[in-house]
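Geometric and topological summary
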Amino acid sequence: MKKETPGGSRSELSMIHSISICMKTLISNCEALARNYTGPQRAIDLRGSSIKNMSRGACSPPYEVDDDSHSKFMTDSYYSSRRPQQPQYDRQVEDSDILKSEFRRPRDTLLNVVSEFLTICSARLADLSKKIPDLSSKSTELLDNKCHFRLAEVAHSLLKVAPYDPITMSCRGLQRYMNEVLPHSEWAQEAMRPALIMVLRRVDKTFSKIAKKTTIRRLTDWNAARTLLKGVYLTLYKHPYIVHLPHLKSLVSGCQSIILGDQSTYAESSSNLPTTTTSMTQSP
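Per chain, the residues get numbers from 1 upward, laid out in the order the sequence is written. Local features are withheld for residues below a pLDDT of 70 in this predicted model, meaning they are given only at 70 or higher, and side-chain atom pairs are given and counted only at 80 or more; totals for whole chains, interfaces and linings count all residues. The side-chain figures draw on all heavy atoms in the structure; neither hydrogens nor water molecules are used.

**Here's the deal with helix 11 (residues 248-260)**
Operational definition: Helix and strand definitions follow DSSP, with helices as H or I runs of at least four residues and strands as E runs of at least two, each counted in order from the N terminus. To estimate the expected span of a helix, count its residues, drop one, and scale the result by 1.5 Å. Buried residues are those whose accessible area, probed at 1.4 Å on protein chains only, stays under 20% of the maximum for their type, while exposed residues exceed 50% and partly exposed ones sit between those limits.
Helix length check: helix 11 (13 residues) gives 18 Å between terminal C-alpha atoms against 18 Å at 1.5 Å per residue, within 8%. Here helix 11 has its buried residues at Leu-248, Ser-250, Leu-251, Ser-253, Gly-254, Cys-255, Ser-257 and Ile-258. At the exit of helix 11 stands Gly-261, carrying a positive phi of roughly 70°.

Below is the structure:
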């Protein structure tokens, strides 16, 4: 047997394996980053002054928060009660921005680092598999199912804030996760499927909010939104067997309603969504 030279294929494979162990440990210890944002969320009022002076019924809060959201949104009643105390209101707004930044930064960094690791090492493993004929599939597994689920939870926490915060929607880590991690993961495994469903469900809800609320639609970073949709497209293109998963059809209908400005199309599609349990029982 030919002796392995320093810096050879098997040495590189060993180094990738060592880095993979470190990455798994890092992701496993990031449980806190899977938690949702619970700080105040500043709602930007885009309506005219004539509307602000009307009755309370005409001044409904600009954002509708879904049932599983834990964010505390500042509505018009909050604004009206704070207007006499402008300095205090300004501090509240500044504190809200700081809290969102502190929430976003570590999650963005984690997703960015993991995406970089998976993109580079996956390419190297594909090249090494040509040089090492007896390379097993287990040796090419960079992350396990638990890590993928944790990453999905982290991405999910960012996507929940994304409709209300263009900076979060456009953060590099989330964009790379959607376009580099999702399309190149092996979703044929049943144990991996819940992570994918979690992300698709949240992307669907993100665009449903954009479709339903004009104020959110005006604030949307459309380049970032396009990149999120591109990630879903690449995932579906590389793994066509996921077409039966819930929320994909609803997501397409939501995007159509955004283009056409018709909310009835989205509402009709959402009412016909299959359950998550039903979709997971279907074989790819």
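Next, the rest of the story.
**Considering the nonpolar core**
Going by this rule: For this analysis, a nonpolar core means a set of buried residues of the types Ala, Val, Leu, Ile, Met, Phe, Trp, Tyr and Cys, connected via side-chain atoms within 4.5 Å. By definition, residues are in contact when any of their heavy atoms lie within 4.5 Å.
The biggest cluster of nonpolar side chains holds 60 residues, and the ones touching the most others in it are Leu-143, Tyr-177 and Met-178. Secondary structure elements with two or more residues in this core: helix 1 (9-28), helix 4 (86-131), helix 5 (145-161), helix 7 (172-181), helix 8 (193-212), helix 10 (222-238) and helix 11. If you tally residues by element for this core, the top one is helix 8, at 10 residues. Those residues within four positions of Met-178 in sequence are excluded, and the remaining contacts are Pro-183, Val-199, Val-203, Leu-228, Gly-231, Val-232 and Thr-235.

**Observations concerning the packing of helix 5 against helix 7**
How we decide: Note on definitions: angles span 0 to 180 degrees between N-to-C directions of axes, and those axes are lines fitted to C-alpha atoms, for helices only across the stretch in contact. Working rule for angles: under 35 degrees goes down as roughly parallel, over 145 as roughly antiparallel, 65 to 115 as roughly perpendicular, anything else as oblique. The sense of a crossing depends on the near helix, which, turned anticlockwise from the far helix by less than a right angle, makes the crossing left-handed and, turned clockwise, makes it right-handed. Think of it as three bins: nonpolar holds Ala, Val, Leu, Ile, Met, Phe, Trp, Tyr, Cys and Pro, charged holds Asp, Glu, Lys and Arg, and polar takes everything else, Gly as well.
Remark: helix 5 packs on helix 7, axes separated minimally by 10 Å, with the N-to-C direction vectors making an angle of 135°. The angle between the axes of helix 5 and helix 7 places the two elements in the oblique class. In this structure, helix 5 meets helix 7 at a crossing whose hand is left-handed. Contact with helix 5, carried on its side by His-148, Leu-151, Ala-152, Ala-155, Leu-158 and Leu-159, involves Leu-174, Tyr-177 and Val-181 of helix 7 and no other residues of that element. For the contact of helix 5 with helix 7, the class distribution of residues is eight nonpolar, one polar and no charged.

**Details of the side chain of Asn-179**
What counts, and what does not: Between N or O atoms, a polar contact is any pair within 3.5 Å; within protein, one atom must be a potential hydrogen donor and the other a potential acceptor, and residues adjacent in sequence are included only when both atoms are from side chains.
Of note, Asn-179 is situated in helix 7. Side-chain polar atoms of Asn-179 contact the backbone oxygen of Thr-227, separated by 3.1 Å.

**Some points on the packing of aromatic side chains**
Put simply, the rule reads: Planes of paired rings set the category: under 30 degrees apart is stacked, over 60 is edge-to-face and the rest tilted, where pairs are Phe, Tyr or Trp rings (Trp by its six-membered ring) whose centres lie within 6.5 Å. In this analysis the charged atom, NZ for Lys or CZ for Arg, is taken to sit over a ring once it is within 6 Å of the ring centre and within 35 degrees of the ring normal.
All chains considered together, the criterion is met by two aromatic pairs. Both rings, one in Tyr-37 and one in Phe-103, keep their centres 5.3 Å apart while their planes meet at 65°; by these two values the pair is edge-to-face. With Tyr-37 in the loop between helix 1 and strand 1 (40-42) and Phe-103 in helix 4, the pair connects residues that are 66 residues apart, well separated along the chain. When sorted by exposure, Tyr-37 lands in the same class as Phe-103, which is buried. Between the NZ or CZ atom of Arg-107 and the centre of the ring of Phe-103, over which it lies, the distance is 3.8 Å.

**Points about the pattern of salt bridges**
Spelled out, the test is: Put simply, a salt bridge is a Lys or Arg side-chain nitrogen that is within 4 Å of an Asp or Glu carboxyl oxygen.
Counted under the stated rule, the structure contains nine salt bridges. In this structure, Asp-127 engages Lys-131 in a salt bridge whose closest nitrogen and oxygen atoms are separated by 3.5 Å. Of this pair, Asp-127 and Lys-131 are both found in helix 4, four residues apart, which corresponds to roughly one turn of the helix. Across the pair Glu-190 and Arg-193 runs a salt bridge, and its minimum N-O distance is 3.7 Å.

**Remarks on the environment of Leu-182**
Along the chain, Leu-182 turns up in the loop between helix 7 and helix 8. Leu-182 gets classed as buried once you look at its relative accessible area, which sits at 0%. Linking Leu-182 and Val-232, residues 50 residues apart in sequence, is a C-alpha distance of 7.9 Å. With residues up to four places along the chain from it excluded, the contact list for Leu-182 reads Tyr-177, Trp-187, Leu-196, Val-199, Thr-235 and His-239.

**With respect to helix 10**
We apply this condition: The arc in question is formed by the directions pointing from the helix axis toward the C-beta atoms.
In this model helix 10 runs 24 Å from its N-terminal to its C-terminal C-alpha over 17 residues, within 8% of the 24 Å that 1.5 Å per residue would give. Among the residues making up helix 10, those that are buried are Ala-224, Ala-225, Leu-228, Gly-231, Val-232 and Thr-235. Summarising the axial view, the buried residues of helix 10 lie within an arc of 115°, below the 170-degree limit, and thus occupy one face. Opposite the packed face of helix 10, turned more than 90 degrees from it, sit the exposed residues Arg-226, Tyr-233 and Tyr-237. Looking at the buried residues of helix 10, the elements they touch are helix 5, helix 6 (166-169), helix 7, helix 8 and helix 11. Its side-chain oxygen placed 3.2 Å from the backbone nitrogen of Asn-223, Asp-221 serves as the N-cap of helix 10.

**Considerations on the confidence of the model for the chain**
Where we set the bar: pLDDT expresses how confident the predictor is about each individual residue, on a scale running from 0 to 100.
Across the chain, the average pLDDT comes to 78, with 68% of residues at or above 70. Model confidence for the chain, summarised as mean pLDDT per element, is weakest for helix 2 (residues 49-52) at 35 and strongest for helix 7 at 96. Scored below 50 in pLDDT, residues 72-82 shows 32 contacts in the model against residues more than four places distant or in partner chains.

**A word on the packing of helix 8 against helix 10**
Where helix 8 contacts helix 10, the axes come no closer than 12 Å and their chain directions differ by 145°. When you trace helix 8 past helix 10, the crossing you get is left-handed. Together, Leu-196, Leu-200, Val-203, Phe-207 and Ile-210 of helix 8 and Trp-222, Ala-225, Leu-229, Val-232 and Thr-235 of helix 10 make up the contact between the two elements. Across the contact of helix 8 with helix 10, the residue classes break down as nine nonpolar, one polar and no charged.

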